[in-house]
Amino acid sequence: MGASPAQAQEPIPAEAEPPTELSEESATLIAARAAAQAAEERGDPTAALASWQLVRAALPADVAAAFGVGRAHAARGERAAALRALRTIPHDAEQAPAAWALAAQLELDDDPRAAAVLFSQVLEQAPADPDAHLGRARAQLRARARPAPDALIADVNAFLCCATEAALAAATPHFVEMSDQLREQGLDDTAAELLRLAVERGVGGEQAELQGRLDRLLVERAARTLTLAAARPLSPTGRAALERARAAAAAGELRAAREQLDAVVAAEPRSAEVRGADGDLLLLQGDVAGAEQAWRWAVALAPEQPEWRARLGVLLAERYAGRRHPEAVEQLRLATRLRPGQAALHMRLAEVLLEMGSFDEAEAELEAALATSPEATVAAAATRRLDDLRRRPPPPSEPPPAAPEEAGAPAAAARSAQITRVYLDRGELERARAELLVVQKLAPDWVGVHELEAAIALRAGDLPAAERSFRAGLRADPAQPQLALALADLLLLRGATAEAEGWLRAAASAGAVDARWQLARLASDRGDLFEAKRELDAYFALAPQGLSLEPAQSLRRQLDRRLARLAAASSGGLLLVAVGAGGWWRARRRRADLRRMVARAPELAPELARTLTAIRHEVLKHNTNLLSDVAHALEHGDGHAAAFAAQRLFGAPGGDGGVVSRFRGDIHHIDVLARRIGLRFHPPSDPVLGPLIDRINALAALEGPMRHPRDRPALAARLRALSTALNTDSYRALGHLIRRLGTLTLTEALIRAVDGRVRAEPQLAGLDLPPLALDLPVDPPQVRVLKGDLEDVLANLLRNAALAVGAARAQGRAPGRLGLRVEEEDDVITGVESVLIRVLDDAPERLTASMVHGREAGRGLGLVVDLIHRHDGSLTVEERPDERAEGYTKAVVVRLQRAEADEVRPGGGEGR
Amino acid sequence: MTGTRARVLVIEDGHEYTTTLGRFLAPALDLQRAGDGPSALERLAQERWDVIFLDMRFDRASVLLGDLDELSARFAGDVGRARRTLEDNQGAYILAALREAGCTVPVVMSYDFDGEPRRFQNLARRYGPLRYLTDTAGPAEIRAALLDAARGEPA
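About the criteria used
Residues numbered from 1 in each chain as written. Chains lettered and ligands numbered in written order. Predicted model: local features only at pLDDT ≥ 70, side-chain atom pairs only at ≥ 80, totals over all residues. Heavy atoms only, no water. Helix = DSSP H or I, 4+ residues; strand = E, 2+ residues; numbered from the N terminus. Buried < 20%, exposed > 50% of the residue type's maximum accessible area, 1.4 Å probe, protein only. Areas by Shrake-Rupley, 256 points an atom, 1.4 Å probe, with all protein chains shown as cover. Pairing = 2+ DSSP bridges. Salt bridge = Lys/Arg side-chain N within 4 Å of Asp/Glu carboxyl O. Phe/Tyr/Trp six-rings, centres within 6.5 Å; stacked < 30°, edge-to-face > 60°. Expected span 1.5 Å × (residues − 1). Polar contact = N/O pair within 3.5 Å; in protein donor to acceptor, adjacent residues only side chain to side chain. Contact = heavy atoms within 4.5 Å. Buried area = accessible area lost by both parts, 1.4 Å probe. Nonpolar A, V, L, I, M, F, W, Y, C, P; charged D, E, K, R; others polar.

Each helix and strand counted, chain B has seven helices and five strands in total. For chain B, the succession of helices and strands along the chain, N to C, is β-α-β-α-β-α-α-α-β-α-β-α. A burial count over chain B gives 63% of its 155 residues as buried. Accessible area of chain B: about 5800 Å², with a carbon and sulfur share of 49%.

Residue and element names in this part refer to chain B. Strand S2 (residues 29-34) sits mainly inside the fold: five of its six residues count as buried. Relative to S2, strand S1 (residues 6-11) runs parallel, the two being bridged by six bridges. Residue Ile 11 lies in a different strand from S2, and its bridge partner there is Ala 34.

Moving on, we come to the pattern of salt bridges. One pass over the full model with this rule turns up 59 salt bridges over all chains. When the shortest N-O distance is used, the salt bridge between A:Glu825 and A:Arg895 registers 2.8 Å. Separated by 70 residues along the polypeptide, A:Glu825 in strand S6 (residues 818-826) and A:Arg895 in strand S9 (residues 890-897) bring together distant segments of the chain. Judged by its relative accessible area of 33%, A:Glu825 is partly exposed. Between B:Arg60 and B:Asp59 there is a salt bridge whose closest N-O contact spans 3.7 Å. B:Arg60 sits in the partly exposed class, given a relative accessible area of 49%. Three or more residues joined by partner-sharing salt bridges are found here, namely B:Asp13, B:Arg57, B:Asp59, B:Arg60 and B:Asp88.

The next thing to look at is the packing of aromatic side chains. Residues and elements named next belong to chain B. In total, this model carries six aromatic pairs over all chains according to the counting rule given. On the numbers, 4.7 Å between centres and 70 degrees between planes, the contact of Tyr 111 with Phe 113 is edge-to-face. Classification of Tyr 111 as partly exposed rests on a relative accessible area of 22%. Phe 113 sits in the buried class, given a relative accessible area of 0%. Ring centres 4.7 Å apart and planes at 65 degrees place the aromatic pair Phe 120 and Tyr 132 in the edge-to-face group. With a gap of twelve residues between them, Phe 120 in helix H6 (residues 117-127) and Tyr 132 in strand S5 (residues 130-133) connect regions that are remote in the sequence. For the residue pair Phe 120 and Tyr 132, the accessibility class agrees, reading buried in each case. The structure contains a cluster of three or more aromatic residues connected by ring pairs, namely Tyr 111, Phe 113, Phe 120 and Tyr 132.

All right, on to helix H4 (residues 63-75) of chain A then. In a regular helix each residue adds 1.5 Å, so 13 residues correspond to 18 Å; H4(A) covers 18 Å between its end C-alpha atoms and thus fits that length. Residue A:Asp62 occupies the N-cap position of H4(A), its side-chain oxygen lying 3.0 Å from the main-chain nitrogen of A:Ala64.

We now examine the environment of A:Ala166. Relative to the assigned elements, A:Ala166 resides in helix H10 (residues 165-169). Judged by relative accessible area, A:Ala166 falls into the exposed class, the value being 56%.

At the interface, 54 residues of chain A touch 53 residues of chain B. Between chain A and chain B lies a buried interface of about 4600 Å² when both sides are counted; carbon and sulfur atoms form 48% of it. Salt-bridge contacts for B:Arg33 lead to A:Asp150; the nearest nitrogen and oxygen are separated by 3.0 Å. Summed over the shared surface of chain A and chain B, the number is ten residue pairs in polar contact (both at pLDDT 80 or more). For the side of chain A that touches chain B, the elements supplying multiple residues, two or more each, are helix H9 (149-162), helix H33 (605-621), helix H35 (640-650), helix H39 (712-740), S6 and strand S8 (874-878) of chain A. Here the element with the most residues in the side of chain A that touches chain B is H9(A); it accounts for six residues. Partitioned by chemical class, the residues of the side of chain A that touches chain B number 16 nonpolar, 17 polar and 21 charged.

All names here are of chain A. Looking at the secondary structure, you find Asp 62 in the loop between helix H3 (45-58) and H4. Judged by relative accessible area, which is 15%, Asp 62 ranks as buried. Among the polar contacts listed, one links the side chain of Asp 62 to the backbone nitrogen of Ala 65, at a separation of 2.8 Å.

Rendered as structure tokens:
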């Protein structure tokens, strides 16, 4: 039908009216869509399916209809039909990711590989979709595709980070399933990490289930490790070889001792005593890390033996400048509980606690030490420790005990025994007792039961029960020197000295070195000086070092003096001076800010700098830094970011595991440092930390609103303001403060002043010394070191050089030259700049690295090395100095970190 | 840089940056993670990247780049201290290693060089193109820095 010209000239409407037939069809389809959606809303998938199918029949390419059919089939449990419908949806459709997500969920049971692919496709479009991350992790595990642990944990983290509270509450079964699958696939570590993350994030209303699974996994893993490394008793041949090695070490023949001990370790690697002795020798040889490793072996092999724990604890306390004090306390505390009668152990623990500022706990330990051993030797040592906390001698440790026995137990009983030990180690005494019942049932005649029983009783503080168990163990097998020693300790505690001495003799004759020291002490107490000296000599011959070494040396000096007096005089009583240890901790407490603290005790600067750096790094950089972005998200209606940040800042609801809690711990630590020097940290008067604490408190007041954001604009404004204050003002102020702590300018005047003081010392009087030749940079460098420490270091090195040069010059062996050169260098890899101080001389005596660092180091050099290490520096020896050092024969080189000028540049820079 | 999303290799021993940045920056950037130096070098050799985001401290990585024996000798046989030094400066070790391997991809380091400008200059001179982000940088600033670096723009 043609159009008339008039009609053709009429303007065509933008949207022509549809023909009547189409309108009716469209109305039908609109009604069908509405019916389908209504059916879905009321939970009637059958009706929804019928309606969506009607739409789809009319419009086969309609994505919404295909998705609706898929959803309805899925809701009716018709997986195959649902997947057929969903697969018709084109990849570029707007709803494709949602459809893939549904398909992936449907595939999860029957075809997890396909599900994993689909979840990955969802994540390409929606990278932050938490359900897809969790789904992919589950699918990969079900498919046994052995996903990379990192990738799996990343998916889990992405879920935990962003999932809704409802999703988290419902996720427990998924985590249970995933952890089981990981364990089936031998990925226990990943399973533990997964459970730990879930527990920390508070997954599930029944957290106890995941926590329980995590605990069980850890206990089983620890027990398996112990079972793999179960201790074996030392054979007679091994014991003889071990004693030869010890004797060689005591005689200073370290190489021979090493050769003999290596052979014993190779032959009997599961002997705790051998491992322990290996640690002793490694420490003698200067291998700290090796000694730690050896003692960890010994602890793993014989966890109920306190000796190795004590050595480990002392090592951790002494060699890591306070960084591993908590670990040291854990080991030493366990050791004191297992051996409550060891005064030296209590004293060691007290020292570490003092350094940590735990004065009350230290006091308790000192009282225990004095109560255990009130005689002059220990009391004097205790007093000296207390008075000289910051100038302690090198670390001793405890002498080795006898080997534990665990042979003769059936495999199942041995496994239960290891589980008992794990629970004991964790302080879960009830569980340990329950597990011990299993051991007793499986192996009623096994002697090791008694020792475990005693260990549990000691941990519970039930000394009579422990004594009974030790006695039972010794009745079952008298050849257990460590049990005899432990029983003797308990008897001494309750004053049964005569019986204790009998057990000590038994232990000593069976190879327990520590028993010799105890016998010497008892003999000295009853006035039998010759017997005491004999036992002490035996102790020193067998224990080149040990936890009791220092009191033993003190006792020997005391005995020598008493014997000399006996020989020289016929009259005159012996004077024992008991010095009380009380009163020292009642320091005067006064308010102070950081500036005043450092002014009073400059040696606190490194520890303060470490603590402030931790606050700056852990609290501000990694956490409060998110606040502005959280504010941004809130302003755009997203409350999840606030909840996410709240979790990091405040920990789980009702708990105290968050960053704010850690910050308060750091502030408490500063107060502890202040109390150590008789002050009390007073935040309001501190210009940097005062405002920071106020801001953190203001942030803490927002915990509730952040967890459940309501008035989002107001919360966003508060967070934005706090973000600026914390992340700009406080952050920069802290950085400035940290950089200012503990730096000095190395000037000629400073060096000349030290040199002048050294030359004025009486020991250098009369020596014809050359002048000190200085070679310094034009601009004096800034060094990260405390002034007093650097002066001590320089004085020591200049004194040594002067003595050597003075003697050589007097004897005509060298012209006599003394020099000091300062240079700067930067590490080619890290870019860190150092200041090198070379102390040069021309004395012909050789100086080697081992003479500086080894056990042969003089006490002065030992202190120098400690001081330098405290400032992250190093000390080396150049036996042939470079060509610029013409005429010099050697140089001792101190490397210290160069402090940078305090220039703060915002932003970054481009390398050229 | 190809397409609309820059490919970023995040080298960190934990998952903090990938998790946080993944949440805030995922639409603009394709973030992939390497947990230690060797795996980073492997990924850099196998794939093409627009920019590297590198953390400095690696105290959770099981594998560290660097000569532990040499450092132990410097610290009087103290292996623990040597390892801590490697951990504290591992980012610099990784940076040196990837440049030595011929990788010229721009690097953005997450480290507070504000207090150590000379150290940064030393590193940038040897191992550029290099820029850093102050510790106060939030996700938006990180995104801008990564995109600028990927485009080769000066800091």
